[in-house]
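What the coordinates show
Listed here are the chains, written in short residue letters.
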Amino acid sequence: MTRIAIPIFRHRVSPVLDTCTRLLIIDYEGQAEVNRREVAFDMYSPSERMEIVKKLNPDAVICCGISDVFDRMLQAAGISLICGIAGDVQQVAEAFLCNRLDASCFRMPGFKPGV
């Protein structure tokens, strides 16, 4: 099973993981979605948010932007980060499954990987 976490705002990827109010969790078996749920994040501190993410145990977090501190916490937890991704949540999730998140239509304007 593969589990991804995406911070969301309405139907789009939230601009910043650290300050998102909801986190979408999607579980896949192969190419089939088997579970989807939202976790409310708006009442938690950054350290509490990180503890929740660690308990959810995603294989990857897909987001637009993230602070250096939260990035380091994810790295320390061994959670893969796919950063600089923008767009409709459903389209982003489908692109993840098809290994197409590198398409320019999903890149946040001005984002430069590794900078």
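One can find the structure itself at the top, above this paragraph.
A brief structural summary. (Residues numbered from 1 in each chain as written. Predicted model: local features only at pLDDT ≥ 70, side-chain atom pairs only at ≥ 80, totals over all residues. Heavy atoms only, no water.)

1. Focus: unusual backbone geometry
A positive phi angle, close to 60 degrees, is found at arginine 10, a residue other than glycine. Examined against the element boundaries, arginine 10 turns out to sit in the loop between β1 (2–9) and β2 (12–13). Note on arginine 10: relative accessible area 65%, which makes it exposed. Although it is not a glycine, asparagine 99 sits at a positive phi angle of roughly 60 degrees. Take asparagine 99: it is sitting in the segment after α3 (89–97). A relative accessible area of 68% means that asparagine 99 is categorised as exposed. (Helix = DSSP H or I, 4+ residues; strand = E, 2+ residues; numbered from the N terminus. Buried < 20%, exposed > 50% of the residue type's maximum accessible area, 1.4 Å probe, protein only.)

2. A few points about the packing of helix α1 (residues 46–56) against helix α2 (residues 68–76)
Contact geometry of α1 with α2 gives a least axis separation of 11 Å together with a crossing angle of 30 degrees. The pairing of α1 with α2 is recorded here as roughly parallel in orientation. Relative to α2, the crossing made by α1 is right-handed. Taking contact as the criterion, the partners of Pro46, Arg49, Met50 and Val53 in α1 are, on α2, Phe70, Met73 and Leu74. (Axes fitted to C-alpha atoms, helices over the stretch in contact; angles between N-to-C directions. Parallel < 35°, antiparallel > 145°, perpendicular 65-115°, else oblique. Left-handed = near helix turned anticlockwise from the far one by under 90°. Contact = heavy atoms within 4.5 Å.)

3. Examining the pairing of strand β4 (residues 32–40)
Sheet topology places strand β3 (residues 22–29) next to β4; eight bridges connect them, and they run antiparallel. Paired with arginine 22 across the strands is alanine 40, a residue of β4. Hairpin connection of β3 to β4: two residues between the antiparallel strands, including glycine 30 at a positive phi of 60 degrees. (Pairing = 2+ DSSP bridges.)

4. Details of the pairing of β1
Buried residues dominate β1, accounting for six of its eight residues. Relative to β3, β1 runs antiparallel, the two sharing seven bridges. By the bridge assignment for β3, threonine 2 is matched with tyrosine 28. Of the strand pairs in this sheet, β1 and strand β5 (residues 60–62) are connected by two bridges, and their pairing is parallel. Following the sheet pairing, isoleucine 4 is matched in β5 by alanine 60. Taking the residues between adjacent antiparallel strands as the criterion, β1 and β2 are bridged by two residues, where arginine 10 takes a positive phi near 60 degrees.

5. Here's the deal with the pattern of salt bridges
If the charged atoms of two oppositely charged side chains come close together, the side chains can form a pair. Tallied over the full model, the rule gives four salt bridges. The salt bridge involving arginine 22 is made with glutamate 38; its shortest N-O contact spans 2.7 Å. You can see arginine 22 sitting in strand β3 and its partner glutamate 38 sitting in strand β4, a full 16 residues away along the chain. Given the relative accessible area of 24%, arginine 22 is considered partly exposed. The class of glutamate 38 is partly exposed, set by a relative accessible area of 47%. (Salt bridge = Lys/Arg side-chain N within 4 Å of Asp/Glu carboxyl O.)

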